[in-house]
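A look at the structure
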Amino acid sequence: MNCEDYWNDLTGPEPEVDFEAHLAACPACTARYAAGRPVAANLRLLAADMKRVTAPPRVEARLLRAYRERYGQPVPPARELHRWWAAAAAVLLAAGALWTGARSPERPRVASNSPVAIAAVDEQDAAFVPLPNAAGSPQDDDVDLVRVELPRSAVTALGIPATDDSDSASVEAEVLVGPDGMARAVRFLN
Amino acid sequence: MKPPESDHQLFERLRAGQEQAFLALYQKRQPALYRFALQMSGSASVAEDITQDVFMALVRDECGYDPSRGSLAAYLFGIARKLLLRQYERRRSDVPVDTGGGEAGFAELVDDADPLADLTTRERVEALRRAVASLPRRYREVVVLCDLEEVDYAEAAVALGCPIGTVRSRLHRARSMLAVKLRDERHGGASVPAWKAARCAI
Ligand SMILES: [Zn+2]
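This write-up is about the structure you can find in this document. (Residues numbered from 1 in each chain as written. Chains lettered and ligands numbered in written order. Predicted model: local features only at pLDDT ≥ 70, side-chain atom pairs only at ≥ 80, totals over all residues. Heavy atoms only, no water.)

Some points on the overall build of chain B
Each helix and strand counted, chain B has eight helices and zero strands in total. When the helices and strands of chain B are read in sequence order from the N terminus, they spell out α-α-α-α-α-α-α-α. Counting over 202 residues, chain B shows a buried share of 53%. Counting only contacts in chain B whose residues sit at least 6 apart along the sequence, the fraction spanning at least 24 positions is 68%. As displayed, chain B has an accessible area near 8900 Å², and 51% of this comes from carbon and sulfur atoms. (Helix = DSSP H or I, 4+ residues; strand = E, 2+ residues; numbered from the N terminus. Buried < 20%, exposed > 50% of the residue type's maximum accessible area, 1.4 Å probe, protein only. Contact = heavy atoms within 4.5 Å. Areas by Shrake-Rupley, 256 points an atom, 1.4 Å probe, with all protein chains shown as cover.)

Quick look at the pairing of strand S3 (residues 170-177) of chain A
Residue and element names in this part refer to chain A. Of all eight residues that make up S3, eight are buried, and the element is covered over most of its length. Residues of S3 alternate between two faces, with Ser170, Glu172, Glu174 and Leu176 on one and Val171, Ala173, Val175 and Val177 on the opposite face, all of them buried. Across five bridges, S3 lies against strand S4 (residues 183-188) in antiparallel orientation. Within the sheet, the bridge partner assigned to Val177 lies in S4 and is Ala183. Remark: five residues form the turn of the hairpin made by S3 and S4, two consecutive strands paired antiparallel; Gly181 in that turn has positive phi of roughly 85 degrees. (Pairing = 2+ DSSP bridges.)

Looking at the nonpolar core
Ranked by size, the top nonpolar core spans 72 residues in total, and within it Leu43(A), Val54(B) and Phe55(B) carry the most contacts. The dominant element in this core, judged by the number of residues it contributes, is helix H2 (residues 19-41) of chain B, at 10 residues. Built from parts of two domains, this core gets at least three residues from each of domain 1 (1-104) and domain 2 (106-202) of chain B. Apart from the residues lying within four places of it in its own chain, the contact partners of Leu43(A) are Leu128(B), Val132(B), Val143(B), Asp147(B), Leu148(B), Arg175(B) and Leu178(B). Ranked by size, the runner-up nonpolar core spans nine residues in total, among them Val129(A), Val175(A), Ala183(A) and Val186(A). (Core = buried A, V, L, I, M, F, W, Y, C linked by side-chain atoms within 4.5 Å. Domains from an automatic or database assignment.)

Thoughts on the environment of Ala185(A)
Within the secondary structure, Ala185(A) is located in strand S4. With 56 residues separating them along the chain, Ala185(A) and Val129(A) place their C-alpha atoms 5.2 Å apart.

So, the side chain of Gln30(B)
Along the chain, Gln30(B) falls in helix H2. Accessibility expressed as a relative area gives 8% for Gln30(B), which makes it buried. Within polar-contact distance, the side chain of Gln30(B) engages the backbone nitrogen of Ala55(A) at 2.7 Å. Residues in contact with Gln30(B), not counting those within four places in the same chain, are Thr54(A), Ala55(A), Leu25(B), Thr51(B) and Phe55(B). (Polar contact = N/O pair within 3.5 Å; in protein donor to acceptor, adjacent residues only side chain to side chain.)

Some words on the layout of surface pockets
Residue and element names in this part refer to chain B. Its volume calculated, the second largest pocket comes out at about 250 Å³. What lines the second largest pocket is Arg69, Ala74, Tyr75, Gly78, Ile79, Arg81, Lys82, Val158, Ala159, Leu160 and Gly161. If you list the elements that add at least two residues to the lining of the second largest pocket, you get helix H4 (72-91) and helix H7 (153-160). Take the lining of the second largest pocket: its biggest share by element is six residues, from H4. Considering only residue class, the lining of the second largest pocket consists of six nonpolar, two polar and three charged. For the lining of the second largest pocket, the domains that each give at least three residues are domain 1 (1-104) and domain 2 (106-202). (1 Å grid on protein atoms, 1.4 Å probe; cavity = no way out; pocket = protein on both sides within 12 Å on 5 of 7 lines; lining within 4 Å. Points joined across faces, edges and corners; volume = space filled by probe spheres on them. Nonpolar A, V, L, I, M, F, W, Y, C, P; charged D, E, K, R; others polar.)

Quick notes on unusual backbone geometry
Residues apart from glycine generally show negative phi values, whereas peptide bonds are mostly found in trans. Residue and element names in this part refer to chain B. Even without being glycine, Asp61 reaches a positive phi, approximately 60 degrees. Mapped onto the elements, Asp61 comes out in the loop between helix H3 (44-59) and H4. Note on Asp61: relative accessible area 30%, which makes it partly exposed.

Some words on the packing of aromatic side chains
A full pass over the atoms with the stated rule returns six aromatic pairs over all chains. Plain terms: the ring middles of Phe36(B) and Phe77(B) are 5.6 Å apart, the flat faces sit at 85 degrees to each other, and that makes the pair edge-to-face. Of the two residues, Phe36(B) is situated in helix H2 and Phe77(B) in helix H4; the sequence distance between them amounts to 41 residues. Here a set of aromatic residues connected by ring pairs shows up, and it is made of Tyr67(A), Tyr71(A) and Phe22(B). (Phe/Tyr/Trp six-rings, centres within 6.5 Å; stacked < 30°, edge-to-face > 60°.)

A few points about the packing of helix H5 (residues 121-133) of chain B against helix H8 (residues 164-187) of chain B
All names here are of chain B. Interhelical geometry of H5 versus H8 gives an angle of 120 degrees and a closest axis separation of 10 Å. When the interaxial angle is binned, H5 and H8 end up oblique. H8 is crossed by H5, and the crossing has right-handed handedness. Residue-level contacts link Ala127, Leu128, Arg130, Ala131 and Val132 of H5 to Leu178, Lys181, Leu182 and Glu185 of H8. Considering only residue class, the contact of H5 with H8 consists of six nonpolar, no polar and three charged. (Axes fitted to C-alpha atoms, helices over the stretch in contact; angles between N-to-C directions. Parallel < 35°, antiparallel > 145°, perpendicular 65-115°, else oblique. Left-handed = near helix turned anticlockwise from the far one by under 90°.)

Let's talk about the packing of H3(B) against H4(B)
Residue and element names in this part refer to chain B. Running from N to C, H3 and H4 point in directions that differ by 130 degrees, and their axes come no closer than 9 Å. Taken together, the axes of H3 and H4 lie oblique to each other. The two elements H3 and H4 cross, and the hand of that crossing is right-handed. Each of Val46, Ile50, Asp53, Val54, Phe55 and Leu58 in H3 lies in contact with H4, whose residues at this interface are Leu76, Ile79, Ala80, Leu83, Leu84, Gln87 and Arg91. Of the residues assigned to the contact of H3 with H4, the class counts are 10 nonpolar, one polar and two charged.

Comments concerning the coordination of the zinc ion
Residue and element names in this part refer to chain A. Around the zinc ion, the donor atoms from the protein are Cys3 (SG), His22 (NE2), Cys26 (SG) and Cys29 (SG), and they sit 2.1 to 2.4 Å away. For the zinc ion, the four donor atoms are set out with angles of 98 to 116 degrees between them, so the coordination reads as tetrahedral. Sequence positions of the donors to the zinc ion reduce to the motif C-x18-H-x3-C-x2-C. Of this pair, Cys3 sits in helix H1 (residues 3-7) while Cys29 sits in helix H3 (residues 27-50), and the two are 26 residues apart along the sequence. (Donors = N, O, S within 2.8 Å, 3.2 Å for Na, K, Ca; no water. Tetrahedral: all angles 85-135°; square planar, octahedral: opposite > 155°, others 65-115°.)

Right, here's the structure in full:
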């Protein structure tokens, strides 16, 4: 192996030992290798700085939707419980919006087959019902998907009938929450 | 406490319809894939699309993952890379492979002092970020994988579809290129020629 082999792309299956042997025997390549060493140390700083960068939550929401389209709805896993707390404030706002929206006398009661038709729902979000306070919100900004429990009364007040036979006082739902913490759309799981 | 599940266990469970396993795998592997796509494309929206498409391939069971040929993580990086290459072809936005300089040998770069020694951490990070972004694609991808995401040479070789020796030599040359770029940026002018990049089919 010569210096050019060492530094250039080799297409054959070269054993590691050839590189080590060349490096050990060649001062020029050793020096050049050494020049890259402080760069490697600086790259660790950049790596640490980049660690906080991750995909926006809407990617997970979309993938989860696709996964459920393929495999169906799951039993809610226990590990999502902590997210319920994180969503608590947003949920209270959402439940409040549902409640006052349904109670205002000028707002017509909606039938279960045309639930809260405030805004057009794009095809991808077919299962999600947009919330009144989300009208005019951008369609594809930084949303998060959280699973929550809503009081059954808030749901029936919207004209959406209980679809299961249970008598529980709450209904499980998934809420798309915008970056402002406001719920954008809801999907009932029961 | 149970040991964390391997990627392969999560993969098997997600294919059995266990959403929890899919989410666990996504949360474990998404950040590095997103950052890889971000560094390679320079675009948050492209990185988002690539990340989504990589995992969509898992959802649809279209990824063709073969455990005998490497880890799932390497495989996912490989898919991301192929999708990125398709983007490059569409947008022709890659930095040209020509790195300047001619047949200059090694003597020009015998200084192993840190070219960023007198800068603050923040300034170093920003200088590095610019320098990495200006590397030709095939050097950038190996730096991002091996130095930024701490993928080992064997895994990187699977992701890049090339021999381990190629990963290694590209990485070393990439660091040398970065040293030159950083020095040039500090001292002005592209006075020091880089080692001529070899053409490679990969
Ligand atoms: Zn040499």
